[in-house]
Amino acid sequence: MPFGEVVCGAPGSGKSTYCYGKHQLFTALNRPISIVNLDPANDNIPYPCAIDIASLITLQDVMDEHGLGPNGGMLYCMEYLNANFDWLEARLKELGSNAYVLFDIPGQVELSTNHEALKHIVQRLTKIGFRLAAVHLCDAHYVTDAAKYVSVLLLSLRTMLQLELPHVNVLSKVDLIVQYGDLDFNLDFYTEVQDLSYLENALNTSSPRYNALNMALCSVIEDYSLVGFETLAVEDKASMLHLTRAIDRATGYIFVPPHDAPAPEGTLETASVPASTRPNTFSLFSSAAGQMAGSVGDVQERWIDAREQWDAFERKEWRQEGEMIREAREREKSTQGERRGKSGIRERK
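Residues numbered from 1 in each chain as written. Predicted model: local features only at pLDDT ≥ 70, side-chain atom pairs only at ≥ 80, totals over all residues. Heavy atoms only, no water.

Asks: Hey, could you run me through the packing of aromatic side chains in this one?
Replies: Ring pairs (aromatic) are described by centroid distance and by the angle formed between their planes. Using the criterion set out here, one finds 11 aromatic pairs in the structure. Look at Tyr 149 and Tyr 190: their rings are 5.0 Å apart centre to centre, the planes differ by 85°, and that puts the pair in the edge-to-face class. One end of the pair, Tyr 149, is in helix α7 (residues 146-163); the other, Tyr 190, is in helix α8 (residues 187-191), with 41 residues separating them in the sequence. Classification of Tyr 190 as buried rests on a relative accessible area of 2%. Ring pairing ties together the aromatic residues Tyr 149, Phe 185, Phe 189, Tyr 190 and Tyr 198, which thus form one cluster. The cationic tip of Arg 302 hangs over the ring face of Trp 303; the distance from NZ or CZ to the ring centre is 3.9 Å. (Phe/Tyr/Trp six-rings, centres within 6.5 Å; stacked < 30°, edge-to-face > 60°. Helix = DSSP H or I, 4+ residues; strand = E, 2+ residues; numbered from the N terminus. Buried < 20%, exposed > 50% of the residue type's maximum accessible area, 1.4 Å probe, protein only. Lys NZ or Arg CZ within 6 Å of the ring centre and 35° of its normal.)

Okay, here's the thing in structure tokens:
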């Protein structure tokens, strides 16, 4: 049973950077990962691409042939992919039944909010056996402005209702949030989407004419009570690991054990079936169903309240780690030199 993520979000939210960072992380963890580029306008792909929609269709070809603009051409490309889904299905089968696939989606928000092509593609992926979660990236700087924050909440809510997948909303680039000014509230107010009536003063200051509309929109968001956010600093290993765990819980991948997983006797089935179809009862009743490690307060301390102190601490840790690695390499070279010397003596004898 293959697993995967539908990585969506507005242009500039960090989708391709996230996919590249995820590839580096999973490679270091020896976890399978393949990335599928479904953006026909993405000419500069930073990550190793297992499947590229450019092999099927490109935005520039559509614009030249049909005289469409960028947005209309992008919609045409997605409809063309939906009509030729067998092309994508055949290449996904080559990745194997235990694949973990990231689908890098174009940044046009209408694809994930009201256009049907992407929704149909996702439904067909589910039908061929993929266990998917939508990972919706939003630039963290939007939380520094009340009106932009409400708009991001509406966009996230609409995407959740449209794609109908297990959904993880992410405030990306949280490590850059201090560059855009101070927050009116603690970070957990924004990630947990707490009482939005506290935003009324800020909204009235920026747009007093639309007070009733603003509060009505806030009421819609609170009535659904679906939206919440994880945070992401893609260059921070702890942040990437935390988000990976949240996504694994959403897809169910956290219940998939490796073949050599240490577990008490009787909790891990040893049948000769793919790993993704073997239940792990021990994980079910321990880490998978347990509370997530870390908190938003830790994120705020790291990136907002005490960033300079944490940066200094990490630089010190990196220097110590570098010195340890250098000493280990020197010892290894010394050991190899001694072995060569001993072997040379034996040969002369």
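There's plenty left to go through after this.
Asks: Quick question: what am I supposed to make of the pairing of strand β4 (residues 100-104) here?
Replies: Regular strands place their side chains on alternate faces of the sheet. Burial analysis of β4 places five of its five residues in the buried class, which makes it a mostly covered element. Alternating residues of β4 divide into Tyr 100, Leu 102 and Asp 104 and Val 101 and Phe 103, and every residue in both groups is buried. Inspection of the sheet shows strand β2 (residues 34-37) paired to β4 by four bridges, in the parallel sense. Residue pairing for β4: Asn 37 is matched across the bridge by Asp 104. (Pairing = 2+ DSSP bridges.)

Asks: Explain the nonpolar core to me, please; I cannot follow it from the model alone.
Replies: What tends to happen in soluble globular proteins is that the nonpolar side chains get buried as a cluster. Formed by 32 residues in total, the largest nonpolar core has its most connected members in Val 36, Leu 88, Leu 92, Phe 103, Leu 125 and Leu 132. Looking at this core, the elements that each hand over two or more residues are β1 (3-9), α2 (59-66), α3 (70-83), α4 (85-93), β4, α6 (116-127) and β5 (131-139). No other element matches the five residues that α6 contributes to this core. Leave out the neighbours within four places in its chain, and Leu 125 touches Phe 85, Leu 88, Leu 92, Phe 103, Phe 130 and Leu 132. (Core = buried A, V, L, I, M, F, W, Y, C linked by side-chain atoms within 4.5 Å. Contact = heavy atoms within 4.5 Å.)

Asks: Where do I start with helix α10 (residues 211-224) in this structure?
Replies: Two residues of an α-helix separated by three or four positions point the same way, owing to the 3.6 residues in each turn. With 14 residues, α10 should reach 20 Å at 1.5 Å per residue; the first-to-last C-alpha distance of 21 Å fits that figure. Of all the residues in α10, the buried ones are Asn 214, Cys 218 and Ile 221. Along the axis of α10, the buried positions cluster into a sector of 60°, meaning they face one direction only. Turned more than 90 degrees from where α10 packs its buried face, Ala 212 and Asp 223 sit exposed. Those residues of α10 that are buried are in contact with α7 and α9 (200-206). Ser 225 sits one or two positions beyond α10 and adopts a positive phi of about 50°. (Expected span 1.5 Å × (residues − 1). Arc of directions from axis to C-beta.)

Asks: Whenever I open this one, empty space enclosed by the protein confuses me. Can you help?
Replies: Gaps between atoms show up when a probe of the same size as a water molecule is rolled over them. What the rule picks out here adds up to one cavity of 30 Å³ or more. Put simply, the largest cavity is a space of about 40 Å³. Listed by contribution, the elements that provide at least two residues to the lining of the largest cavity are β1, α5 (110-113) and α7. Among the residues forming the lining of the largest cavity, the class breakdown is six nonpolar, seven polar and no charged. (1 Å grid on protein atoms, 1.4 Å probe; cavity = no way out; pocket = protein on both sides within 12 Å on 5 of 7 lines; lining within 4 Å. Points joined across faces, edges and corners; volume = space filled by probe spheres on them. Nonpolar A, V, L, I, M, F, W, Y, C, P; charged D, E, K, R; others polar.)

Asks: Help me understand the sheet that holds β1, please; the structure alone is not making it clear to me.
Replies: Across a sheet, strands are paired by hydrogen bonds formed along the backbone, either parallel or antiparallel in direction. Spatial ordering of the open sheet is given by β3-β2-β4-β1-β5-β6-β7, a layout of seven strands whose pairing is parallel. Bordering the open sheet on either side are β3 (51-52) and β7 (229-231), each of which pairs with just one other strand. The sheet contacts of helix α1 (residues 15-29) involve β1, β2, β4 and β5, and relative to β4 the element is tilted by about 165°. (Axes fitted to C-alpha atoms, helices over the stretch in contact; angles between N-to-C directions.)

Asks: Where do I start with the side chain of Ser 172 in this structure?
Replies: Here Ser 172 shows up in strand β6 (residues 167-172). In this structure the side chain of Ser 172 is engaged in a polar contact, spanning 2.7 Å, whose partner is the backbone oxygen of Ser 13. Every residue in contact with Ser 172, bar those within four places of it in the chain, is listed here: Ser 13, Leu 137, Cys 138, Asp 139, Ala 140 and Leu 232. (Polar contact = N/O pair within 3.5 Å; in protein donor to acceptor, adjacent residues only side chain to side chain.)

Asks: Whenever I open this one, the packing of α3 against α6 confuses me. Can you help?
Replies: Helix-helix packing is described using two parameters, namely the angle between the two axes and the distance between the axes. α6 packs onto α3 with a crossing angle of 30° between their chain directions and a minimal axis gap of 9 Å. Put simply, α3 runs roughly parallel to α6. Handedness of the α3/α6 crossing: left-handed. Contacts from Met 78, Glu 79, Leu 81 and Asn 82 in α3 reach Ala 117, His 120, Ile 121 and Arg 124 in α6. Split into classes, the residues belonging to the contact of α3 with α6 amount to four nonpolar, two polar and two charged. (Parallel < 35°, antiparallel > 145°, perpendicular 65-115°, else oblique. Left-handed = near helix turned anticlockwise from the far one by under 90°.)

Asks: Please clarify how α6 should be interpreted in this entry.
Replies: Its 12 residues place the ends of α6 16 Å apart at the C-alpha level, agreeing with the 16 Å of an ideal helix rising 1.5 Å per residue. Residues of α6 that are buried include every one of Ala 117, Leu 118, Lys 119, Ile 121, Val 122 and Leu 125, and no others. One or two steps after α6, the chain reaches Gly 129, where phi turns positive at roughly 110°.

Asks: Mind showing me how you'd approach the packing of α2 against α3 here?
Replies: In the contact formed by α2 and α3, the axes pass within 9 Å of each other and the chain directions differ by 110°. The orientation of α2 relative to α3 falls into the category roughly perpendicular. Facing α2, whose interface residues are Leu 59, Val 62, Met 63 and His 66, α3 presents Pro 70, Gly 73, Met 74, Tyr 76 and Cys 77. Of the residues belonging to the contact of α2 with α3, the class tally is seven nonpolar, two polar and no charged.

Asks: Would you explain the pattern of salt bridges in this entry?
Replies: Any two side chains of opposite charge can pair if their charged atoms end up close together. Going through the model one piece at a time under the given rule, you end up with eight salt bridges. Between Asp 248 and Arg 31 there is a salt bridge, and its shortest N-O distance comes to 2.8 Å. Note that Asp 248 is positioned in helix α11 (residues 237-251) and Arg 31 in the loop between α1 and β2, a separation of 217 residues in sequence. Pair check on accessibility: Asp 248 and Arg 31 agree, each one buried. For Lys 93, the salt bridge is made with Glu 89, and the minimal N-O distance between the two is 3.7 Å. In this pair, Lys 93 and Glu 89 are both assigned in helix α4, four residues apart and thus about one turn of the helix distant. (Salt bridge = Lys/Arg side-chain N within 4 Å of Asp/Glu carboxyl O.)

By themselves these figures say nothing about function.
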